[in-house]
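These are the residues of each chain, in order.
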Amino acid sequence: MGLRKPEEYIKALSERSRRAEIYVLGEKVEDVTKHPFTLPAVKAFEWTYKAPWDPDFYDEEMGEHLAKAYSPFINEEVNRFNHIHQSPKDLAIKVKYFRKLSHKAGSCFQRCVGWDAINTISIISYDIDKWYEKKGEKPEHFEHFGTYYERFLKFLKYVQKEDIALAGVMTDAKGVRSLRPHQQPNKDVYVHVKEVRDDGIIVRGAKANITGVLASEEMIVMPTRAMTEADKDFAIAFAVPIDAEGVTLIVGRYTNDTRRFEDPNVDALPGVFPAEAIVVFDDVFVPWERVFMFREYQFAAELVEIFSSYHRQAYGGCKPGLADVIIGGTYHLAKQMGIANKCHIREKLTEMIFLAEAMHAGGLAAAWEGHKAASGTYYVDQMMANVTKQMVTRFPYEIARLSHDIAGGIIGTLPSYKDLIHEKIGKYLQEYLKCLPEYPAEWRHRVLRLLENLTLSVEFLIESVHGAGSPEAQRIWMRRFYPLEEMEDYALRLAGINPEEKPERKKQKEQ
């Protein structure tokens, strides 16, 4: 099959969610495709199934449809979100696709984490196999269940053929941040191996802030940090369905989330929102066929580094896309108020445009500077990916601030839509919310509400800071890998100084 229709995804998710343990506001959800709290997240995911059938996603410049790709693994067209990157062009299409998809959905569409996960496992599982091959040894479970990369390819083919909705599951609950996993007073704050069986492993623990998992069918679970030998039971990667026995999803809250229960729900615009959840693994069985890393702690740091870089590059697409919507809405409000041509408004809009384009440029740079890993999977330039995400930790806040500046204080105090259409008081709002007479008051109400929900959202602000690692994580990476000594040498040579005469270098030679 390779490509599912949106209605096929909805039907499959509905059936699976009925078997899963999913909780919202203290109550069990029977069907995430119908519950008003979870439906906006499903709608966001649904866009990734609409896009492959939409000719508007064909990109003339790239010469390809952004939402689908040819897979050499099953020799079919597949959903782009289940594709393994085959070139720098694929990596560039990713950020272009995300920007376009943000325009359509007006939301984080959540499926990128699973996409980054399969590309990461594609690289890491292959690298671990080669490491064992070089050592001339292999784990006992390889004999009966295949190597990690063989298992991954089998899983990948299933995902691609069935167009499975994947969630990437990385961030652990973490507990005491100053302690390593094995030092935690409660070991369950990190997902870990509890028991090893002939047919698989039993895992226990919890993952937090997991995007899109309630709208997914399968999860790829990965370690969240570098590990030592003492942490080896926490160095595991595997795939498991959301309805596996022992898995519980506890959905988090969002700003203005109860507006979804209102009828009409105009105050919940755009009506499509992502969702995060705490995922509990209470003695969950994982068959060996779905285990892609087992106690190879030496590769945990590399896995996190690869995944984080993929995911940090992704923000160069989705956040500029949401910024475009915010810029467009803000411009429209300025037109309604009759100030769009004023110099100070044009200057603020220009600044918002600059910030959006800078984020996007970073994502494209990370793509075109990418390279091929040993497995054949193409991988982003890590420095450019981290620079992109560092911009994303800051620029959305400034874009939101400028939007609030232009829109006015009413963006945070607007009466409800029910007031606007009320038979008695509605006439007042219809009169006093109107600016230029050619624009109905309802237009202003709807655009203000859209901007309020976007600019004050988790997806545009908090996620921009903490998604794919906190700001300090990117700064640590840049400091660690930027060739400061080499740059110093260039400067010294241009200044007429021999770098070999640097005191520390002379001291090294003497030793």
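Note: the structure precedes this text.
Every chain begins its residue count from 1, and numbering advances along the sequence as written. For this predicted model, a pLDDT threshold of at least 70 governs which residues receive local features, and a threshold of 80 or more governs which side-chain atom pairs are given and counted, while totals over whole chains, interfaces and linings are taken from all residues. Only hydrogens and water are set aside; all other atoms, that is, all heavy atoms of the structure, feed into the side-chain values.

1. A word on helix α7 (residues 300-336)
Along an α-helix, residues three or four apart share an orientation, since each turn contains 3.6 residues. Each helix is a run of H or I in the DSSP string that is no shorter than four residues. Each strand is a run of E no shorter than two, and both are numbered from the N terminus. Residue count minus one, scaled by 1.5 Å, sets the expected span of a helix. The terminal C-alpha atoms of α7, which comprises 37 residues, lie 53 Å apart, in line with the 54 Å expected from a rise of 1.5 Å per residue. A residue's bend is simply the angle between two axes: one fitted to the seven residues ending at it, one to the seven starting at it. The sharpest bend along α7 comes to roughly 30°, located at Tyr-315. With 30 of its 37 residues buried, α7 lies for the most part within the structure. Gly-338 sits one or two positions beyond α7 and adopts a positive phi of about 75°. Only protein chains enter the area calculation, which uses a 1.4 Å probe; residues under 20% of their type maximum are buried, those over 50% are exposed, and those in between are partly exposed.

2. Some remarks on the pairing of strand β7 (residues 166-169)
The alternating pattern of β7 places Leu-166 and Gly-168 on one face and Ala-167 and Val-169 on the opposite face, and all of these are buried. Should DSSP find at least two bridges between two strands, the strands are regarded as paired. Relative to strand β10 (residues 218-221), β7 runs parallel, the two being bridged by four bridges. By the bridge assignment, Leu-166 is partnered in β10 with Glu-218.

3. Description of the sheet that holds strand β2 (residues 27-28)
With mixed pairing, six strands are arranged side by side in an open sheet as β2-β1-β12-β13-β9-β8. The open sheet has two free edges, formed respectively by β2 and β8 (192-197), since each of these has just one partner strand. Examined bridge by bridge, β8 and strand β9 (residues 200-211) share five bridges and lie antiparallel to one another. Within β9, the position partnered with His-192 by the bridge is Arg-204.

4. Notes on the side chain of His-360
Relative to the helices and strands, His-360 is located in helix α8 (residues 343-368). By definition in these notes, contact holds between two residues if any of their heavy atoms fall within 4.5 Å. With residues near it in sequence (within four places) discarded, His-360 still touches Val-95, Lys-96, Arg-99, Gly-316, Gly-317 and Pro-320.

5. Describing the pairing of β10
Where burial is concerned, the two faces of β10 agree: the one with Glu-218 and Ile-220 and the one with Met-219 and Val-221 are both buried. Bridge count between β10 and strand β11 (residues 236-241): four bridges; the pairing is antiparallel. Across the sheet, residue Glu-218 finds its bridge partner in β11, namely Pro-241.

6. Considering the nonpolar core
Core analysis: the biggest nonpolar cluster contains 148 residues, and Tyr-97, Phe-98, Val-203, Val-213, Met-219, Phe-238 and Phe-281 have the highest contact counts within it. Here the element with the most residues in this core is α7; it accounts for 16 residues. Every residue in contact with Phe-238, bar those within four places of it in the chain, is listed here: Val-191, Val-203, Met-219, Ile-220, Val-221, Phe-281, Val-286, Arg-290, Val-291 and Phe-292. Buried Ala, Val, Leu, Ile, Met, Phe, Trp, Tyr and Cys residues form a nonpolar core when they are joined through side-chain atoms within 4.5 Å.

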